[in-house]
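Coordinate inspection notes
One-letter residues, chain by chain:
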Amino acid sequence: MRGMADSTQTLIGPPLAAKKPHSFTHHGVTLTDDYAWLRDPGYPQVTDKEVIAHLEAENRWFEARMADRQDAIESLFREMRARIKEADKSVPQKDGDWLYWIEFEEGAEYKKWWRRPVGGGEDELILDEVALAEGKEYFRLGAISVSNNGRLLAYAFDDNGSERYTARIKNLETGELLPDEIPGTLSALVWVGGGKGLVYSLANEQWRTDNARLHWLGDSLDKDVELYHEDDEGFRVGSSLSSNEKWLMICTSDHETSEVRLISADDPLGDQILVKPRVKGVEYDVDEREGVLYIHANDTHENFRLATAPLDHPGDWTTLIAGTDEFYLTGVDLFRDFYVIEGRRAGLDQIEVRYYDDPARVEPIAFPEASYSAGLSDNPEWHMDKLRLSYESMVSPATTYDYDVKGRSLETLKVQEIPSGYDASLYATERLEITARDGTAIPVSVVYRRDRTGAGPLHLYGYGAYGIAIEPGFSTTRLSLVDRGFAFAIAHIRGGDDLGRAWYKAGKLERRTNTFNDFVDVARGLVERGFTAPGNISISGGSAGGELMGAVINSDPELYGAVVAHVPFVDVLSTMLDETLPLTPGEWPEWGNPVEDKSAFDLILSYSPYDQVKAQGYPPIMVTAGLNDPRVTYWEPAKWVAKLRELKTDGHELILKTNMGAGHGGKSGRFESLRETAEEFAFILWQLGVEV
């Protein structure tokens, strides 16, 4: 007999959620959802006693099932923590009259932000996250920005995981907090008007930033001026400064269309320059130098081009670098004497220095490995002689470089230190191509120990959405699997933009199922290549990657021996039908609009993991959720687990952990979040029968 989901839960068995008949009809199709009641009608406040009781019962079941794993969790946690340099700091970087850096103290969960005068002087603590987080279950720093004159610091923090940040301003000369306080922000904090004004965006009731607002220091919030308001509920508004800091740039966009306005940073209430009106499907961003706009846009090629336009005719775009199938132009950074383009060729990062006065002069920056992740890092000044770069690979720890632009040479400033020891020569990495069922070659990055033999356990990670590439980077936590005989693979599946914009488009909307098929076919391909065997594969993914987890265990459950789904987006159809939810209207370009489009409704219904749960055997599954998560609402994983408990025909583990004081990112703090990874790995090792 299984226990009921209430406060008298006896842990005889997992909690069974009550079934309460609920149905809804769209496009002539009636669907039932017996677990719809798990959505608190008062959301975003969650106070319904029955809902809370069920989530707490699931947490008690999680704790009971993981009780025998506590020694393993603690061992893994200590192992992972030993790879982190506890007393650590970043390489200082010059910005104006100051050198800035961040620092972790021994044992600290959070950072401290420091600076000192370039000309010499005392170190100055400008922000202490440790003090700000003291006594709080959750803390996350959002935006942080120092005024141009170096006198004021604006920062924003979230202390419950809801991603509604409170902005404060600190006088760095006196250490005093100004009375100005702006709750409910969800944006950068941009200094304008000679350091007297701050531009920000508020999250509205639906957690959408539909505005850009100006706050003059010392004024009450009711005097703040709305510089821009977005009427399309699918668009979000954000603000930034141009590289030369002359222009405030207000951008509004959804997942496929954007529009930019420029305003003098010195006169934020002055005239606004609309660069080009929005055209559906055209994305662009802008920077400015000496009266010339530089526009990074996908209007003539899906992999983007770089165009220029005179400031007084901002819509007249002339191609400077044409878009091509071979090179995916992901970004452009302007500096006084040169500009830098970033992109990917054959899925690998490229950085090139180029010159305003000589378009034919192209200086690529070369890196030492065949597979890696690299990009521009913190380069705050308009005039730079050296560029700060970041670099890593699946076997090379994170490295900070300075690139001497004139000398075309790399200087190593810092290599990630692993106190417990790390010998890169013990590990090998490969970049494979595995053919999917439709003939498409899917890139796969794999790392393993060189002394690994035979078809051992394998962990496969994937995401595949929103055009987000999963870079082949370094991970200290990953070593806890690799050192126990695992191969660790990243499937660069369609839906990400790993191979360019076409790769992204091939995994969205009507082609969404390519993403799921690619992941399954990569798993099968790794079996065929002798890396592992069916049932000896663990898989994980979060958010849209959690949707991926749900889809592939519905279709091919026998392949996997353990599944971890973090804050999984699994109730896709119901969420995309609900226009009141924070993200829904802005997500329609990604998934389709099932409210208006029956074909989108039918397609989403066909793969939505929650809707496709059926009576069959499933692999062991661990699920996480955040009660305050505004991105994937807590009830999606809760409903999914309830339905799986009802229908699955196996006796495998199914556990759900809801962070009752956190959001989409789970626990905050570098060690608390590490403990959650230790829980995940302990579950995987347990289910695959690998000793800790």
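The sections below set out a description of the structure shown in this document. Residue numbers here run from 1 along each chain, matching the order of that chain's written sequence. Local features in this predicted model are restricted to residues of pLDDT 70 or higher, and side-chain atom pairs are both shown and tallied only at a pLDDT of 80 or more, whereas totals for entire chains, interfaces and linings draw on every residue. Working from all heavy atoms in the structure, the side-chain values ignore hydrogens and water.

A few words on the sheet that holds strand β14 (residues 211–216). We call two strands paired when DSSP finds no fewer than two bridges between them. Helix and strand labels come from DSSP, where a helix needs a run of H or I of at least four residues and a strand needs a run of E of at least two; each type is numbered from the N terminus. Taken together, four strands build an open sheet; the order of strands is β12-β13-β14-β15 and the sheet is antiparallel. Each edge of the open sheet is held by one strand with a lone partner, namely β12 (190–192) and β15 (225–229). Looking at each pair of strands side by side, their axes are set apart by 25° on average, direction ignored. As paired elements, strand β13 (residues 197–200) and β14 share four bridges and run antiparallel to each other. Directly across from L198, in β14, lies its bridge partner H215. Every axis corresponds to a line fitted to the C-alpha atoms, with the helix fit spanning only the stretch in contact, and the corresponding angles, defined between N-to-C directions, vary from 0 to 180 degrees.

We count a salt bridge whenever a side-chain nitrogen from Lys or Arg sits within 4 Å of a carboxyl oxygen from Asp or Glu. Following the criterion strictly, the structure yields 53 salt bridges and no others. Between R78 and E74 there is a salt bridge, with its nearest N and O atoms 3.8 Å apart. Of this pair, R78 and E74 both sit in helix α2 (residues 70–82), separated by four residues, roughly a single helical turn. One salt bridge in this structure joins D602 and K598, with 2.8 Å as the shortest N-O distance. One end of the pair, D602, and the other, K598, are both in helix α10 (residues 598–607), four residues apart, so they sit about a helical turn from each other.

What follows concerns the layout of surface pockets. Size it by volume and the second largest pocket reaches roughly 880 Å³. Those elements giving two or more residues to the lining of the second largest pocket turn out to be β16 (236–241), β17 (247–253), α5 (501–505), α8 (572–577) and α9 (584–591). Class assignment for the residues of the lining of the second largest pocket results in 15 nonpolar, 13 polar and eight charged. Using a grid of 1 Å spacing that covers the protein atoms alone, one calls a set of points a cavity when a 1.4 Å probe fits there but cannot get out, and a pocket when the set is open and has protein on both sides within 12 Å along at least five of seven lines; lining residues are those with an atom within 4 Å of a point. Grid points are joined across faces, edges and corners, and a volume is the space filled by probe spheres set on the points. When residues are grouped by polarity, Ala, Val, Leu, Ile, Met, Phe, Trp, Tyr, Cys and Pro land in nonpolar, Asp, Glu, Lys and Arg in charged, and all others, Gly among them, in polar.

Another aspect to go through is the environment of V415. Within the secondary structure, V415 is located in strand β31 (residues 409–415). Each residue is placed in one exposure class: buried if its accessible area under a 1.4 Å probe, protein chains only, is under 20% of its type's maximum, exposed if it is over 50%, and partly exposed if it falls in between. Judged by relative accessible area, which is 43%, V415 ranks as partly exposed. Sequence separation between V415 and L389 is 26 residues; the distance between their C-alpha atoms is 12 Å. Contact criterion: two residues are considered in contact whenever any of their non-hydrogen atoms come within 4.5 Å of each other. Not counting residues up to four positions away in its chain, the partners in contact with V415 are P397, A398 and T399.

This brings us to the sheet that holds β31. Strand order across the open sheet formed by four strands is β28-β29-β30-β31, with antiparallel pairing between neighbours. Strands at the two margins of the open sheet, each flanked by one partner only, are β28 (373–376) and β31. On average, adjacent strands in this sheet sit at an angle of 25° to one another, irrespective of strand direction. Summarising the sheet, strand β30 (residues 399–404) and β31 pair through six bridges and their orientation is antiparallel. Of the residues in β31, the one forming a bridge with T400 is K414.

To qualify as a nonpolar core, a set must consist of buried Ala, Val, Leu, Ile, Met, Phe, Trp, Tyr and Cys residues joined through side-chain atoms within 4.5 Å. Formed by 110 residues in total, the largest nonpolar core has its most connected members in L460, F519, L526, I539, Y560 and W640. Element by element, the count of residues in this core is highest for helix α12 (residues 670–688), at nine residues. Contact partners of W640, with chain neighbours within four places excluded, come to G550, I553, A565, P568, V570, P609, Y610, V613, I621 and V623. Judged by nonpolar contacts, the second largest core, of 18 residues, contains F338, I351, F367 and V405.

Contact geometry of helix α1 (residues 49–66) with α12 gives a least axis separation of 12 Å together with a crossing angle of 55°. Judged by the inter-axis angle, α1 sits oblique to α12. Every pair of crossing elements has a handedness; the one defined by α1 and α12 is left-handed. The residues of α12 that touch α1, namely those facing F62, R65 and M66, are E679, A682, F683 and W686. Each residue belonging to the contact of α1 with α12 can be placed in one class, and the counts come to five nonpolar, no polar and two charged. Each angle is binned into one of four classes, with values under 35 degrees roughly parallel, values over 145 roughly antiparallel, values of 65 to 115 roughly perpendicular, and all other values oblique. We call a crossing left-handed when the near helix sits turned anticlockwise from the far one by less than a right angle, and right-handed when that turn is clockwise.

With that settled, the discussion passes to the pairing of strand β2 (residues 29–32). Of the strand pairs in this sheet, strand β1 (residues 23–26) and β2 are connected by four bridges, and their pairing is antiparallel. Bridging across to β2, S23 finds its partner in T32. Where β1 folds back onto β2 in an antiparallel hairpin, the turn is made up of two residues, including H27, whose phi is positive at roughly 55°.

The first and last C-alpha atoms of α12 sit 27 Å apart over 19 residues, in line with the 27 Å expected at 1.5 Å per residue. With respect to burial, α12 is a largely interior element, 14 of its 19 residues being buried. Residue G689 follows α12 closely and has a positive phi angle near 70°. Multiplying one less than the number of residues by 1.5 Å gives the expected span of a helix.

With respect to the helices, strands and loops of the structure, D578 is situated in the loop between α8 and α9. Within 3.5 Å is the distance limit for a polar contact, defined as a pair of N or O atoms, with the added protein rule that one can donate a hydrogen and the other accept it, and that residues adjacent in sequence qualify only through two side-chain atoms. In this structure the side chain of D578 is engaged in a polar contact, spanning 2.5 Å, whose partner is the side chain of R39. Here the side chain of D578 touches T580 through a polar contact of 2.6 Å, side chain to side chain. Excluding residues that lie within four positions of it along the chain, D578 makes contacts with R39 and T584.

Here the focus is the packing of aromatic side chains. Pairing of aromatic rings covers Phe, Tyr and Trp, the last counted by its six-membered ring, and requires centre-to-centre distances within 6.5 Å; plane angles under 30 degrees mean stacked, over 60 mean edge-to-face, and any other angle means tilted. Taken as a whole and judged by the stated rule, the model has 25 aromatic pairs. Taking the centre distance of 6.0 Å and the plane angle of 85° together, the rings of F683 and W686 count as edge-to-face. Residue F683 and its partner W686 are located together in helix α12, separated by three residues, close to a single helical turn. Taking the relative accessible area as the measure of exposure, F683 reaches 0% and is therefore buried. Each member of the aromatic cluster is reached from another via a ring pair, and the members are Y110, F139, Y155 and F157. Two conditions define a charge sitting above a ring: the NZ of Lys or the CZ of Arg must be within 6 Å of the ring centre, and it must be within 35 degrees of the ring normal. It is R449 that lies over the ring of Y427; its NZ or CZ is 5.6 Å from the centre.

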